[in-house]
Amino acid sequence: MINRCRFGTKLFCMGLVLALLTGCGQGGTDTTADPAESPAASEEAENAGDVTDQAEEMPTGPVESSIFVEAVKDLPEDFITGFDVSSYLTERNSGVHFYDYDGKELSEEGFFTFLRSCGVNYIRLRLWVDPYDEAGHAYGGGNCDLTNVTTMGKWATDAGMKVLIDFHYSDFWADPSKQYCPKAWEGMDIDAKAQALSEYTVESLNALLDAGVDVGMVQIGNETTGGMAGETSWPKMLQLFDAGSKAVREVSAAKGKDIGIAVHFANPEKEGKYKNFAYKLSAAHIDYDVFASSYYPYWHGSLENLTAVLKEVADTYDKKVMVAETSYMYTWEDGDGSGNTESRETVGSVWDYAVSEQGQADVISKVTRAVLDTGAGIGVFYWEPAWIPVQVWNGEETVYLENQKIWETYGSGWASSYSGGYDADAAQYYGGSAVDNQALFDFEGHPLESLRTYLYLRIGAVAPVSVSRAEVEPLLGAAGEIPEVPKTVTVEYNNGTSEEAEITWKEEDLQAAAEGGAGTYTVNGTYEAAGETHAISCQVTLNTKNYIVNPGFETATGHDWEIIDHNNIGCVAIENDLNNVLSGNGCLKFWSEQDQSFTAQQVIHLESGTYRFGGHLEGGDAGDSPVFFIFVQEGDMVYREDTSVSSWQVWENPEIADIVITGECDVTVGLHAEVPGKAWGAFDDFYLYKLDE
Ligand code: CA
């Protein structure tokens with residue numbers, strides 16, 4: 001199932017060289033290169049202490065791999081390329097094994113040396129105050145108490161990496177939706193709580209440092225978008241931020257240890273949030289160094305936006321910025337029987353990257369680029385790349401029940417049932433790993449090629465050109481008609497290029513759909529790319545009837561669409577123009593030298609039910625703030641969906657779903673545009689389907 005590329009000795013040597021150059025000893029690395037096969041590797045291993053010799057052999061060009069990663073020329077040597085492996089110890093306690101690229105099993109500590117050899121230079125660990133119930137049962141999620149965090153922190157330190165301590169200031173998960181107060185601080189007024197937080201921070205940090213953990217940075221709270229330690233009002237949160245920050249500076253001074261202070265928020269996509277948070281922190285004179293963000297590509301908006309919002313904070317308040325959490329899927333499969341946050345069934349997520357090792361590498365590369373582009377970026381952390389199944393689930397209930405026992409016993413699931421008294425969400429949904437399909441190890445513990453992306457960001461990796469992604473959107477159509485499947489597909493290659501390829505659809509699949517009545521069908525086809533024939537399929541949902549009359553503007557009558565040219569300049573009309581249709585011959589075209597304002601609408605008699613209305617448009621030169629929308633009006637109720645145009649034959653598909661009609665009535669559906677002179681484009685293929693027939 002998983003493409004695990006076995007590496008030759010060539011890259012092993014490069015990993016070694018890089019490790020040496022960045023000051024990491026080989027320590028417990030499981031060196032399995034066969035000296036007989038590779039004299040060079042043997043020699044390097046013997047001379048491992050001699051940095052100068054090795055440096056001369058540092059590769060200047062990309063290495064061969066199964067994934068494509070462009071070297072980032074301007075990546076600073078000290079740029080943080082980190083992993084958050086907070087669940088690791090409980091995974092090991094659960095009997096999980098991890099392996100290197102030669103299939104050799106890694107020891108508990110050797111795991112960290114292996115990560116170091118793959119370009120990881122920082123380990124992030126979350127820390128909970130007291131993740132246990134009254135009877136001493138652990139909450140799970142890695143049981144991240146001070147003892148366990150110290151153990152892992154020490155292993156990371158011994159492997160030559162720095163450690164980021166992620167204070168949640170909670171007994172369990174803290175994120176935008178929950179920031180529960182630690183049990184021990186319950187009922188305290190804000191002054192007492194700030195004092196408790198300060199003391200806890202000092203004690204924890206001292207213990208970690210005394211144990212030899214190389215703490216390079218701490219986070220004052222985790223994803224504190226909506227609160228911290230049970231406080232949701234900003235004045236109180238600021239008091240806690242201040243207490244945490246001062247505690248870290250105090251330890252730093254006493255120990256003579258440089259420790260960076262980060263604040264950490266989520267939801268960069270929410271306009272104005274980060275600007276507002278940074279302003280509040282500044283106004284309250286909170287002393288911190290790094291403004292960190294989570295960035296999950298399927299939830300958190302565009303990378304351009306991420307760069308912009310972080311850059312604004314960095315520039316305005318002279319702060320460093322970083323991404324403290326990111327990850328992506330390499331498979332849609334669920335490895336342990338406990339549902340994943342991102343699965344094919346997940347609603348509302350945006351999947352802009354291939355779900356593959358290449359897709360993971362692309363996400364890491366692009367997030368790194370976005371952080372660098374702020375001009376103040378210091379690093380990126382990949383979240384929980386080693387949170388894999390405790391036993392691989394084969395679909396059998398018995399295996400799931402065995403897994404559940406392991407999660408309950410060792411805390412290797414996201415939550416145990418014992419956490420339910422503290423976290424209501426966990427009471428109902430406790431279970432295993434929700435991110436096993438976003439790990440950088442496969443379900444059995446073998447490293448994916450994407451795990452080496454950080455190393456490849458330094459030196460580059462090339463692979464034979466292959467298709468990374470080529471997908472067509474699910475399609476809606478009318479029952480009894482041949483589905484209007486797309487003629488072409490955008491083929492994305494692993495090297496970052498893309499092109500359009502023609503699709504040959506299976507005639508019998510199209511016929512079967514047309515003759516099968518209302519329902520959902522899979523239509524299969526093929527396309528040619530990179531010298532090979534590839535399979536592709538399109539999911540087609542056929543509804544009984546399209547209520548729009550003349551939906552594709554195929555006939556130029558005045559009896560269905562009412563077309564209103566508000567400025568009376570002749571800017572809009574139904575035309576036959578094959579250059580500007582989505583299908584068929586006709587479309588609703590617009591163009592004028594002058595400012596254009598027009599509406600096209602029709603009145604339709606509907607019975608009770610739930611409906612979906614949509615259409616398509618293409619066009620360009622519409623200025624900075626064009627107005628385009630589709631609408632449905634029933635009495636005083638107006639549904640509206642804004643849309644726009646980008647370029648020729650790039651079709652937008654605005655849609656209004658879940659239109660609820662109660663009782664028989666007339667509704668007006670249509671489109672409206674207000675655009676400047678010289679804007680041009682066309683509308684085509686509108687639809688109104690009843691969803692509950
Ligand atoms: Ca899972």
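Residues numbered from 1 in each chain as written. Predicted model: local features only at pLDDT ≥ 70, side-chain atom pairs only at ≥ 80, totals over all residues. Heavy atoms only, no water.

**Notes on the domain arrangement of the protein chain**
For clarity, the threshold we go by: Domain boundaries shown here were taken from an automatic or database domain assignment.
Once the domains are mapped, the protein chain shows domain 1 (4-462), domain 2 (467-543) and domain 3 (562-690). The C-alpha centroid of domain 3 is placed 47 Å from the C-alpha centroid of domain 1.

**Observations regarding the packing of aromatic side chains**
Our working definition: Put simply, two rings from Phe, Tyr or Trp (the six-membered ring, in Trp's case) pair if the centres are within 6.5 Å, and we call them stacked under 30 degrees between planes, edge-to-face over 60, tilted for the rest. Exposure is judged per residue with a 1.4 Å probe applied to protein chains only, and the accessible area is read against the type maximum: over 50% gives exposed, under 20% gives buried, and values in between give partly exposed. Labels follow the DSSP assignment, with helices taken as runs of H or I lasting at least four residues and strands as runs of E lasting at least two, numbered in each case from the N terminus.
Taken as a whole, this structure holds 58 aromatic pairs when the rule is applied. Look at Phe 167 and Tyr 169: their rings are 5.2 Å apart centre to centre, the planes differ by 10 degrees, and that puts the pair in the stacked class. Each member of the pair Phe 167 and Tyr 169 is classed as buried. Ring plane angle 75 degrees and centroid distance 5.5 Å describe the contact between Tyr 328 and Tyr 353, whose orientation is recorded as edge-to-face. A residue pair is termed long-range when its members are at least 10 positions apart, and Tyr 328 in the loop between strand S10 (320-326) and helix H11 (357-372) and Tyr 353 in the loop between S10 and H11 qualify at 25 residues. For the pair Tyr 328 and Tyr 353, a shared accessibility class is recorded, and that class is buried.

**What about the coordination of the calcium ion?**
Worth spelling out the cut-off: Each metal's donors are the N, O and S atoms within 2.8 Å of it, or within 3.2 Å when it is Na, K or Ca, and because water is not part of the set, sites may look incomplete. Metal sites are grouped by the angles between bound donors: all angles between 85 and 135 degrees with four donors is tetrahedral, opposite donors over 155 degrees apart with the others between 65 and 115 is square planar for four donors and octahedral for six, and any other pattern is irregular.
Bound to the calcium ion on the protein side are Asp 334 (OD), Asp 336 (OD), Ser 338 (O), Asn 340 (OD1), Ser 433 (O) and Asp 436 (OD), at distances that span 2.3 to 2.4 Å. Around the calcium ion sit 6 donor atoms; with metal-centred angles ranging over 78 to 179 degrees, the donor geometry is octahedral.

**As for helix H8 (residues 234-255)**
Selection rule: By definition here, a helix of n residues has an expected span of 1.5 Å times n minus one. Whether two residues touch is decided by their heavy atoms; if any such pair falls within 4.5 Å, the residues are in contact.
If you check H8, its first and last C-alpha atoms are 31 Å apart, about what 22 residues at 1.5 Å a residue would give, namely 32 Å. Taken residue by residue, H8 has Trp 234, Met 237, Leu 238, Leu 240, Phe 241, Ala 243, Gly 244, Ser 245, Ala 247, Val 248, Val 251 and Ser 252 as its buried positions. Packed against the buried residues of H8 are helix H7 (190-210), strand S7 (215-220), strand S8 (260-265) and helix H9 (273-283). One or two positions beyond H8, positive phi appears at Gly 256, with a value near 60 degrees.

**What about the state of the cysteines?**
Convention followed: Only a pair of cysteine sulfur atoms within 2.5 Å qualifies as a disulfide here.
With the rule as written, the count across this model stands at 0 disulfides. Here Cys 181 stays free of any disulfide, with the sulfur of Cys 144 as its closest cysteine sulfur at 19 Å.

**Some points on the pattern of salt bridges**
Quick reminder of the rule: We define a salt bridge as a contact between a side-chain nitrogen of Lys or Arg and a carboxyl oxygen of Asp or Glu at a distance within 4 Å.
As enumerated under the stated definition, the model contains 28 salt bridges in all. Between Lys 178 and Asp 423 there is a salt bridge, with its nearest N and O atoms 2.8 Å apart. Here the residue Lys 178 occupies a position in strand S6 (residues 178-179), and Asp 423 occupies one in the loop between helix H12 (397-410) and helix H13 (424-429), the gap between them amounting to 245 residues. As far as burial versus exposure is concerned, Lys 178 and Asp 423 are alike and both buried. Glu 655 is paired through a salt bridge with Arg 612; the nearest N and O atoms lie 3.2 Å apart. Here Glu 655 is found in strand S26 (residues 655-661), whereas its partner Arg 612 is found in strand S23 (residues 609-620), with 43 residues between them in sequence. Judged by relative accessible area, Glu 655 falls into the partly exposed class, the value being 26%.

**What about the sheet that holds strand S27 (residues 665-675)?**
Sheet strands associate in pairs through backbone hydrogen bonding, adopting either a parallel or an antiparallel arrangement. In plain terms, the rule: Criterion used throughout: strands pair if DSSP finds at least two bridges between them. Axis definition: a line fit to C-alpha positions, over the contact stretch in the case of helices; interaxial angles, taken between N-to-C directions, run 0 to 180 degrees.
As summarised here, the arrangement of the 5 strands in space is S19-S22-S27-S24-S25, forming an open sheet in which the pairing is antiparallel. The open sheet terminates on both sides in strands that have one partner only, identified here as strand S19 (562-565) and strand S25 (637-643). Strand-to-strand twist in this sheet, taken as the mean axis angle between neighbours without regard to direction, amounts to 15 degrees. Summarising the sheet, strand S24 (residues 627-634) and S27 pair through 7 bridges and their orientation is antiparallel. Within S27, the residue paired with Ile 630 across the bridge is Leu 671.

**Digging into the sheet that holds strand S17 (residues 519-529)**
Across the sheet, 6 strands lie side by side as S13-S15-S16-S17-S18-S14; this open sheet has mixed pairing. At either end of the open sheet lies a strand with only one pairing partner, and these are strand S13 (467-469) and strand S14 (475-478). For this sheet, the mean angle separating the axes of adjacent strands, direction not counted, is 50 degrees. Judged from the 2 bridges that link them, S13 and strand S15 (residues 488-493) form a sheet pairing that is antiparallel. Across the sheet, residue Arg 469 finds its bridge partner in S15, namely Glu 492. Most of the contacts of helix H15 (residues 507-515) go to S17, to which it runs at about 160 degrees, and overall it touches strand S16 (498-505), S17 and strand S18 (532-543).

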